[in-house]
Amino acid sequence: MQPGQDAPRFTAPAYINGKVEDIDLNSYRGHYVILIFYPEDFGAVITTQLIQISRLKNTLPDDCAVLAVSTDSVESHVAYAELNVENGGVKNTNIPLVSDKNGEICRRYQVLHNAHHVAANSGFVIDREGEIVMMYYCDDNLGYDMSEPVRVVLGAIACDKEEAWDKLRGTGADWTPGESLVQVNNVIISRNIKRSISHGDFKEYSKSSSVENQASSTAKPDKSSSPTSLKVSSLEEEVLQSMCSVTGLRQFCCLL
């Protein structure tokens, strides 16, 4: 599963607020959802993650839900949820624990370890339209900092409010709630970068852009030039140079 794809829907039994009831993901349409997958109940790693995100839930708006899924039975979830934190449980965290006993949910989200029939330590942020915004996937022994999906939800909500998705705007790497969004000011830059990448001459394009930028600083404006003429600012030039690595190109191409 990747960002931009529809999150697979499911209905499954869950232990929530002291009782067992079916949870339908479709009922959360119009809400943001942090969907957590974990290997098994009583695991030390997932216990710390559930406790952490439980404490962070008060920073999320009311229309954001947190769900946790494993292939354990409902009975196991009940025991896990009713066990005190001091003894390795998650009592009072108030996070619905969804039972995916046959592994179908995990399989549809592509996070099932088939050999052991357990979910990988992973998770997804799903937006109000039911699309995946972000995912993480860790080794089962490595705890994931749950403040990151919380930050992503808050960042996505900020983008929603400012209608930033179609305006080449978004959150910076260290964005925190209340900060301004970052913006790429020249749409033509991204189009030309993509065109140069597809022709395999990105480095030549980057060099020529740098030369053009230096020339444009001394040359008078040419009113007859095409409206699509490329002029690169020092900041944009720095972005171009930083993207010369293969990894940078791949990540940038995914955004175009």
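Residues numbered from 1 in each chain as written. Predicted model: local features only at pLDDT ≥ 70, side-chain atom pairs only at ≥ 80, totals over all residues. Heavy atoms only, no water.

### Quick word on unusual backbone geometry
Backbone geometry at Asn-17 places phi at a positive 55 degrees, although glycine is not the residue there. Within the secondary structure layout, Asn-17 lies in the loop between β1 (11-16) and β2 (19-24). Unusually for a residue other than glycine, Asn-92 sits at a positive phi of about 70 degrees. Its location among the elements puts Asn-92 in the loop between α2 (74-82) and β5 (97-99). (Helix = DSSP H or I, 4+ residues; strand = E, 2+ residues; numbered from the N terminus.)

### Considering the side chain of Thr-47
Among the structural elements, Thr-47 can be located in helix α1 (residues 44-56). Thr-47 sits in the buried class, given a relative accessible area of 8%. Each residue touching Thr-47, except ones within four places of it in the same chain, is listed here: Phe-42, Tyr-80, Gly-88, Gly-89 and Val-90. (Buried < 20%, exposed > 50% of the residue type's maximum accessible area, 1.4 Å probe, protein only. Contact = heavy atoms within 4.5 Å.)

### Here we look at the layout of surface pockets
The calculated volume of the second largest pocket comes to roughly 230 Å³. If you trace the second largest pocket, you find 13 residues lining it, with Lys-57, Cys-64, Ala-65, Val-66 and Asn-94 closest to the centre. Within the lining of the second largest pocket, the residues separate by chemical class into nine nonpolar, two polar and two charged. (1 Å grid on protein atoms, 1.4 Å probe; cavity = no way out; pocket = protein on both sides within 12 Å on 5 of 7 lines; lining within 4 Å. Points joined across faces, edges and corners; volume = space filled by probe spheres on them. Nonpolar A, V, L, I, M, F, W, Y, C, P; charged D, E, K, R; others polar.)

### With respect to the nonpolar core
Membership of the largest hydrophobic core comes to 34 residues, with the highest contact counts inside it found for Ile-34, Ile-36, Leu-50, Ile-53, Leu-60, Leu-97 and Val-153. Of all elements in the fold, only β3 (32-37), α1, β4 (64-70), α2, β9 (132-138) and α4 (147-161) reach the threshold of two or more residues within this core. Top element by residues in this core is α4. It accounts for eight residues. Of all hydrophobic cores here, the second largest spans 25 residues; its members include Tyr-28, Leu-35, Val-98 and Tyr-109. (Core = buried A, V, L, I, M, F, W, Y, C linked by side-chain atoms within 4.5 Å.)

### Regarding the sheet that holds β2
Reading across the sheet, the seven strands line up as β2-β1-β5-β4-β3-β8-β9 and stay open at both edges, with mixed pairing between neighbours. At either margin of the open sheet sits one strand with a lone partner, and together these are β2 and β9. Along the sheet, successive strands turn relative to each other by an average axial angle of 25 degrees, direction set aside. Two elements, β1 and β5, share two bridges in a ladder whose sense is antiparallel. Looking at β5, one finds that Ala-14 is bridged to Val-98. The strands touched by α1 are β3, β4, β5, β8 (121-126) and β9; relative to β3, the strand with the most contacts, the crossing angle is about 165 degrees. The strands that α2 touches are β1, β2, β4 and β5; relative to β5, the one it contacts most, it runs at about 165 degrees. (Pairing = 2+ DSSP bridges. Axes fitted to C-alpha atoms, helices over the stretch in contact; angles between N-to-C directions.)

### Some words on the pattern of salt bridges
One pass over the full model with this rule turns up six salt bridges. Where Glu-148 meets Arg-151, a salt bridge forms, and the shortest distance between an N and an O atom there is 3.0 Å. Of the two residues, Glu-148 and Arg-151 both sit in helix α4, three residues apart, roughly one turn of that helix. Glu-162 is the salt-bridge partner of Arg-169, the closest N and O atoms lying 2.9 Å from each other. Judged by relative accessible area, which is 24%, Arg-169 ranks as partly exposed. Members of the salt-bridge network, linked through shared partners, are Asp-63, Arg-128 and Asp-160. (Salt bridge = Lys/Arg side-chain N within 4 Å of Asp/Glu carboxyl O.)

### Section: α1
The end-to-end C-alpha distance of α1, which contains 13 residues, comes to 19 Å, matching closely the 18 Å that a straight helix rising 1.5 Å per residue would cover. Among all positions in α1, only Ile-46, Thr-47, Gln-49, Leu-50, Ile-51, Ile-53 and Ser-54 are buried. (Expected span 1.5 Å × (residues − 1).)

### Topic: α2
Among the residues making up α2, those that are buried are Val-74, Ser-76, His-77, Tyr-80 and Ala-81. Buried positions in α2, seen along its axis, are confined to an arc of 155 degrees and lie on one side of it. Buried residues belonging to α2 abut β1, β2, α1, β4 and β5. (Arc of directions from axis to C-beta.)

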